[in-house]
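Secondary and tertiary structure notes
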Amino acid sequence: MLVIKTSLELIKSIDAIKEQKQTIAFVATMGNLHKGHLNLVSLAHQRASIVIVSVFVNPLQFNQAEDLRKYPRTLENDIELCKKQNVDILFTPSVEDIYPDGEQKGRIEIPELATLSTILEGAFRPKHFSGVITVVKKFFDLVRPDVAVFGEKDFQQLLIIQKMVMLLNLPIRIISSPTIRESDGLAMSSRNSKLLPNERRLAVKLFDVVNSIREQIMSGNNNFTELSKVGLLTLSQSGFKPDYIAVRNSDDLRAALVENTTKRVILAAASLGNTRLIDNLRI
Ligand code: AMP
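A quick note: this is a predicted structure, and the numbers were derived from the prediction, not measured.

Calculation rules
Residues numbered from 1 in each chain as written. Predicted model: local features only at pLDDT ≥ 70, side-chain atom pairs only at ≥ 80, totals over all residues. Heavy atoms only, no water. Near = heavy atom within 4 Å. Polar contact = N/O pair within 3.5 Å; in protein donor to acceptor, adjacent residues only side chain to side chain. Areas by Shrake-Rupley, 256 points an atom, 1.4 Å probe, with all protein chains shown as cover. Helix = DSSP H or I, 4+ residues; strand = E, 2+ residues; numbered from the N terminus. Phe/Tyr/Trp six-rings, centres within 6.5 Å; stacked < 30°, edge-to-face > 60°. Buried < 20%, exposed > 50% of the residue type's maximum accessible area, 1.4 Å probe, protein only. Core = buried A, V, L, I, M, F, W, Y, C linked by side-chain atoms within 4.5 Å. Contact = heavy atoms within 4.5 Å. Pairing = 2+ DSSP bridges. Right-handed = clockwise from strand over helix to strand, strands pointing away.

Right, let's talk about the site of the ligand for a bit. Residues in close proximity to the ligand total 17 residues, the closest being His37, Gly151, Asp154, Ile180 and Met188. Contacts to the ligand include Met30, whose backbone N or O atom sits 2.9 Å from an oxygen atom. A distance of 2.9 Å separates an oxygen atom of the ligand from a polar backbone atom of Gly151. Burial of the ligand by the protein amounts to 92% of the accessible area it has alone, namely 480 Å². Looking at the shell around the ligand, the elements with two or more residues in it are β2 (24–29), α2 (35–47) and β5 (147–151).

Laid out in structure tokens, this is it:
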């Protein structure tokens, strides 16, 4: 496995790969790799001959300096995990490399993504998604992948990236991976490592609440507002500070209408102490 630290070096390697007519699958991460990320890597292996993973904690998508500072960074372990997963190239650029003119310069804003980027996560994390699409577009330009794999764990992000690829006519196929969970149901996340032991025991309640709403909808309860309200109350009473629970259409995240039978997704976000968790389940 090659560990490449600069975009210049990466471009040279990609040139050589392209010359050999090999196909590239790309997995973008912020590191602190877990089985959720590794599932993306296995899907990547099924789709192309070369697998490239990036580990880059993107300052542009954080809303709070403290959250960015405390984000878990475990590069040595990430390198070992990637080696075991037969990753071909691990790209670990510096912030200066990706944002040569300062990290607030060159932010990409796509007006057509405004609606999707300002609801749900976007309402609680202003500019988060423009930070995400900026770094993903930069990585797409550097890596030139045929395929890129993203997790359903970040459902809104997945839709936004799919839409960006469509709007900009990028020649990249976006593949999604189902959410990989701990044995109790908690969605795996780098942020879980920040949970205190008592918070970790409680954390699964977020999945339980979303799952219970899913079951109720599947057995015919279409009162989405009431279901969300009860879910929010349950979370508050369990010690969470909930941000939202919403039942939406899974293709555009508009409010799900009872009479409309398109596919739906339940999305939720809530904090436990200093750790903010998100989850979702499709119906
Ligand atoms: P992150 O490192 O959190 O930015 O995540 C990098 C990629 O891994 C994103 O596409 C996430 O959606 C995906 N991912 C993170 N956690 C999981 C999980 N538990 N299951 C599946 N994919 C995940």
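Under the counting rule described, the total for this entry stands at eight aromatic pairs. Residues Phe26 and Phe140 carry aromatic rings whose centres are separated by 6.3 Å and whose planes lie at 75° to one another, so their mutual orientation is edge-to-face. Of this pair, Phe26 sits in strand β2 while Phe140 is found in helix α8 (residues 128–143), placing the two residues 114 residues apart along the sequence. The buried category is assigned to Phe26, whose relative accessible area is 0%.

Another point: the nonpolar core. Core analysis: the largest hydrophobic core is formed by 46 residues, its most contacted members being Phe140 and Ile174. Each residue touching Ile174, except ones within four places of it in the same chain, is listed here: Phe140, Ala148, Phe150, Leu158, Ile161, Gln162 and Val165. Within the second largest apolar cluster, 23 residues are counted, among which are Ile213, Ile245, Ala256 and Ala268.

Quick look at the pairing of β5 now. Along any regular strand the residues' side chains alternate between the sheet's two faces. Among the five residues that make up β5, five are buried, leaving the element largely enclosed by the rest of the structure. Here β5 shows a buried face lined by Val147, Val149 and Gly151 and a second buried face lined by Ala148 and Phe150. Both β2 and β5 contribute to a ladder of three bridges, which runs parallel. Each bridged residue has a counterpart across the sheet, and for Val27 the counterpart in β5 is Val149. Two elements, β5 and strand β6 (residues 173–177), share five bridges in a ladder whose sense is parallel. Considered in β6, the bridge of Val149 is made with Ile175. In this view, the connection linking β5 to its parallel neighbour β6 by way of helix α9 (residues 155–167) has right-handed handedness.

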